[in-house]
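Reading the structure
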Amino acid sequence: MNSFEELMRSPLQRRAFLTRMTAAGLGSAAVALLSGCGSRSGTLYPSPFTDPTNFPGIPGRNADETVLNYALTLEILEADLYRQALNLASGRSVGTALDPTLPAGPTGTGSYRLAVSPGGIAADRVAPAFAYLVQYAYVEAAHRDFLQTALASLGAPVARPNAQGYRADFGTTLESILTVIYAIEETGVRAYLGAAGFMNDPQLLTTAVAIHSTEARHSGAVAYVLGLPVGPRYLGGDRNALNQAQSPNPSPYGENTFQYYLEPRTVLQAVRPFIVGA
């Protein structure tokens, strides 16, 4: 990934970066970032900032940087597992990098072709299921690159990939692969929601919420092709204050009216099995 300074100097690199971010739904956030937004440091917590209870092992000089690095840590894992999943589903070596050319259109699959059994996915949902896997693999890579650039623009420490890599038992069918992806997406949605309250800078919070929205759409789409309910569900872990079971005035519209969150320490513990050597 090019440094922020190189992106600012080079119109070609800047244009290429904005093209990738726009394809991932982060165009406006990228423009704001490259225009100098999000340059303030958090003020709610003192600097240097450490929070071993909520963000163990996550770098950052203040709360905002720590939350961004927390998000980056998850996006690095998510992007790599998506890449592995796509390679498995298309019959490629698991270590193969993403094709450098973005698939065209919202349902494009580029050079990728489904090479495994669909499993239990309904016949009319197999094509969109595979297209989602292809498209979202590129989006997650864009999220990772965007956060790396955002942190570099702040002169902040930047979380690095795990040296030993990442792993998941994806199984051998498109259904089993997407079932793992769904669990990862659901964790990501809850992770962004659970970390939002630690941020101070409105520009950075807006960017984080933009990524959260995208992750939620991914989760809903993958749930759909798997034949699962697409709305928020309580899957265990932390419950938020609006949970039906805890509210003195339960919602007449049902328990799943609001999205549930996961606290950062819960998320970091949940993703440990995906991290080699953790």
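Before reading further, recall that the structure is shown in the block above.
The structure contained in this document is the topic of the report that follows. (Residues numbered from 1 in each chain as written. Predicted model: local features only at pLDDT ≥ 70, side-chain atom pairs only at ≥ 80, totals over all residues. Heavy atoms only, no water.)

The subject of this paragraph is the overall build of the protein. Each helix and strand in the protein was counted, giving eight helices and zero strands. In the protein, the succession of α and β elements from N to C terminus is α-α-α-α-α-α-α-α. Buried residues in the protein amount to 46% of all 278 residues. Considering only contacts within the protein whose residues lie at least 6 apart along the sequence, 72% involve residues at least 24 apart. Working note: accessible area of the protein is about 12900 Å², and carbon and sulfur atoms make up 57% of it. (Helix = DSSP H or I, 4+ residues; strand = E, 2+ residues; numbered from the N terminus. Buried < 20%, exposed > 50% of the residue type's maximum accessible area, 1.4 Å probe, protein only. Contact = heavy atoms within 4.5 Å. Areas by Shrake-Rupley, 256 points an atom, 1.4 Å probe, with all protein chains shown as cover.)

In this structure, Tyr70, Phe130, Leu133, Leu174, Leu178 and Ile181 are the most contacted members of the largest nonpolar core, which totals 58 residues. Secondary-structure elements contributing two or more residues to this core are α4 (63-89), α5 (126-153), α6 (174-195), α7 (202-225) and α8 (264-270). Element by element, the count of residues in this core is highest for α4, at 13 residues. Beyond its immediate stretch of four places on either side in the chain, Tyr70 contacts Phe55, Ile58, Ala191, Ala195, Glu263, Pro264, Val267 and Leu268. (Core = buried A, V, L, I, M, F, W, Y, C linked by side-chain atoms within 4.5 Å.)

Here we take up the packing of α4 against α7. Two elements in contact, α4 and α7, have axes whose closest approach is 11 Å; the angle formed by their N-to-C orientations is 25°. Here α7 runs roughly parallel to α4, going by the angle between their axes. Here α4 runs over α7; the crossing is left-handed. Packed against α4, whose contacting residues are Asp64, Leu68, Glu75, Glu78 and Tyr82, the element α7 presents Leu204, Ile211, Glu215 and His218 at the interface. Grouping the constituent residues of the contact of α4 with α7 by class yields four nonpolar, one polar and four charged. (Axes fitted to C-alpha atoms, helices over the stretch in contact; angles between N-to-C directions. Parallel < 35°, antiparallel > 145°, perpendicular 65-115°, else oblique. Left-handed = near helix turned anticlockwise from the far one by under 90°. Nonpolar A, V, L, I, M, F, W, Y, C, P; charged D, E, K, R; others polar.)

On to the packing of α5 against α6, then. Any two packed helices are characterised by the angle at which their axes cross and by the distance between the axes. At a minimum axis distance of 12 Å, the contact between α5 and α6 shows a crossing angle of 40°. When the interaxial angle is binned, α5 and α6 end up oblique. At the point where α5 passes α6, the crossing takes the left-handed sense. Of the residues in α6, those touching α5 at Val126, Ala129, Phe130, Leu133, Glu140 and Leu147 are Leu174, Ile177, Leu178, Ile181, Glu185 and Tyr192. For the contact of α5 with α6, the per-class residue count stands at ten nonpolar, no polar and two charged.

This part takes up α4. The end-to-end C-alpha distance of α4, which contains 27 residues, comes to 39 Å, matching closely the 39 Å that a straight helix rising 1.5 Å per residue would cover. The buried fraction of α4 amounts to 25 of the 27 residues, a majority that puts the element mostly inside the structure. N-capping of α4 is provided by Asn62, with a side-chain oxygen placed 3.1 Å from the backbone N of Asp64. Where α4 terminates, the next one or two residues include Gly91, which has phi positive at roughly 75°. (Expected span 1.5 Å × (residues − 1). Polar contact = N/O pair within 3.5 Å; in protein donor to acceptor, adjacent residues only side chain to side chain.)

If you add up the space inside the second largest pocket, you get close to 350 Å³. Contributing to the lining of the second largest pocket are 17 residues, with Pro56, Ile58, Thr73, Leu268 and Ile275 lying nearest its centre. Per-element accounting of the lining of the second largest pocket gives the leading share, three residues, to α4. Broken down by class, the residue content of the lining of the second largest pocket amounts to twelve nonpolar, three polar and two charged. (1 Å grid on protein atoms, 1.4 Å probe; cavity = no way out; pocket = protein on both sides within 12 Å on 5 of 7 lines; lining within 4 Å. Points joined across faces, edges and corners; volume = space filled by probe spheres on them.)

Tracing the backbone through its elements, the reader meets Ser90 in the loop between α4 and α5. There is a polar contact of 2.7 Å between the side chain of Ser90 and the backbone oxygen of Leu86. Setting aside chain neighbours within four positions, we find Ser90 in contact with Tyr112, Arg113, Ala115 and Phe130.

The values are spatial; any link to function lies outside them.
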